[in-house]
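Residue-level listing of the chains:
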Amino acid sequence: LEIAVRTPDPVAATARLLLHDFDVVSSSPDVRVFGSSADLAAIVGLGFEAHVLHHNVEQFYASRLQPSTRSGANPPFGQGSMGGYYTASECVLAMDGLHFQYPNLVAPKVSLGLTVEGRDIWMWKVSDNPLQDENEPEVLIDGCHHAREPIALQAAVWLAKQLCEHYGTDAELTELVDKREIYI
């Protein structure tokens, strides 16, 4: 559910809802919360006026996306099925695609562990020697640490794509790859 909480003081209401571990997604003009029917009842139980905006949040937001005209499992950059952005699975396909296209620059993905939902946390290494541990500065590009923030994920894929596609032709990008171990 997407729940709207009416309040004269959105800042105070947001703070109070966060103290009770509700998933607050915005606070202007109404405070909006993603939750369940039990969450709605709990919010009302705290004395707030609240109502359901959308019963099926995923379906509502999916209906607002532009239909994709792409074909194939790995859409071109900027043509992901989430309003142009990649979904998590499309990101994995894109990064795996870079590994297969540029095996001398991108190492195979490695799982760093699991999320609280049991999903793998994938990492790829971009370097001129991606399978070796070199004595070079290491850089971490974290592209998926906030929920509902697809631009960060897309930016990480874009960076990897630029490093690979312009390696050997762009002096600055080539130097970055040659003198760093870049983890994405």
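Refer to the structure presented above.
The rules behind the values
The residue numbering used here restarts from 1 in each chain and proceeds along that chain's sequence as written. In keeping with the model being predicted, local features are shown solely for residues with a pLDDT of at least 70 and side-chain atom pairs are shown and tallied solely at 80 or more, while totals for entire chains, interfaces and linings include all residues. Side-chain numbers come from the whole structure's heavy atoms, not from hydrogens or water. A 1.4 Å probe rolled over the protein chains alone gives each residue an accessible area, and that area as a share of the maximum for its type sets the label: buried under 20%, exposed over 50%, partly exposed in between. Per the convention used, a helix needs a DSSP run of H or I reaching at least four residues, while a strand needs a run of E reaching at least two, with both numbered from the N terminus. Comment: arc refers to directions from the helix axis out to C-beta atoms. Residue contacts follow a heavy-atom distance rule, with two residues in contact if any of their heavy atoms lie within 4.5 Å. To estimate how far a helix should reach, multiply one less than its number of residues by 1.5 Å. Note on patches: the residues involved have over 30% relative accessible area and no salt bridge, like charges join within 9 Å, and the nonpolar side chains Val, Leu, Ile, Met, Phe, Trp and Tyr join within 5 Å. We get accessible surface area from the Shrake-Rupley algorithm with a probe of 1.4 Å; when it comes to residues, only the shown protein chains can shield them. One side-chain nitrogen of Lys or Arg within 4 Å of one carboxyl oxygen of Asp or Glu is enough to make a salt bridge. Residues belong to a common nonpolar core when they are buried Ala, Val, Leu, Ile, Met, Phe, Trp, Tyr or Cys residues joined through side-chain atoms within 4.5 Å.

(A) Focus on helix α6 (residues 171–178). Every buried residue of α6 is accounted for by L173, T174 and V177. In an axial view of α6, the angular spread of the buried residues amounts to 100 degrees, which keeps them on one side of the axis. Exposed positions of α6 whose direction lies more than 90 degrees from the buried face are A171 and E172. At its buried positions, α6 is contacted by β7 (125–126) and α5 (150–165).

(B) Broad picture of helix α4 (residues 88–101). Look at α4: 20 Å from first C-alpha to last across 14 residues, which is about the 20 Å you get at 1.5 Å a residue. Those residues of α4 lying buried are E90, C91, V92, A94, M95, D96, L98 and H99. The inward-facing, buried residues of α4 abut β6 (120–123) and α5.

(C) View of a nonpolar patch on the surface. Residues V110, L112 and I121 make up a contiguous nonpolar surface patch of about 250 Å² in total accessible area. With respect to the helices and strands, the residue I121 is situated in strand β6. Given the relative accessible area of 36%, I121 is considered partly exposed.

(D) Just the environment of I141, in detail. Position of I141 relative to the elements: it lies in the loop between β8 (138–140) and α5. Along the chain, I141 and A152 lie 11 residues apart, while their C-alpha atoms are 9.7 Å from each other.

(E) Local environment of the nonpolar core. If you look at the biggest cluster of nonpolar residues, it comprises 21 residues, and the most contacted ones within it are M95, L98, V106, V126 and I184. Every element with two or more residues in this core is listed here: α4, α5 and α6. By residue number, the principal contributor to this core is α5, which donates 6 residues. Sequence-distant contacts of V106, defined by excluding residues within four places in its chain, comprise L98, H99, W124, K125, V126, P130 and C164. L17, F22, V31 and L40 belong to the second largest nonpolar core, which has 13 residues in total.

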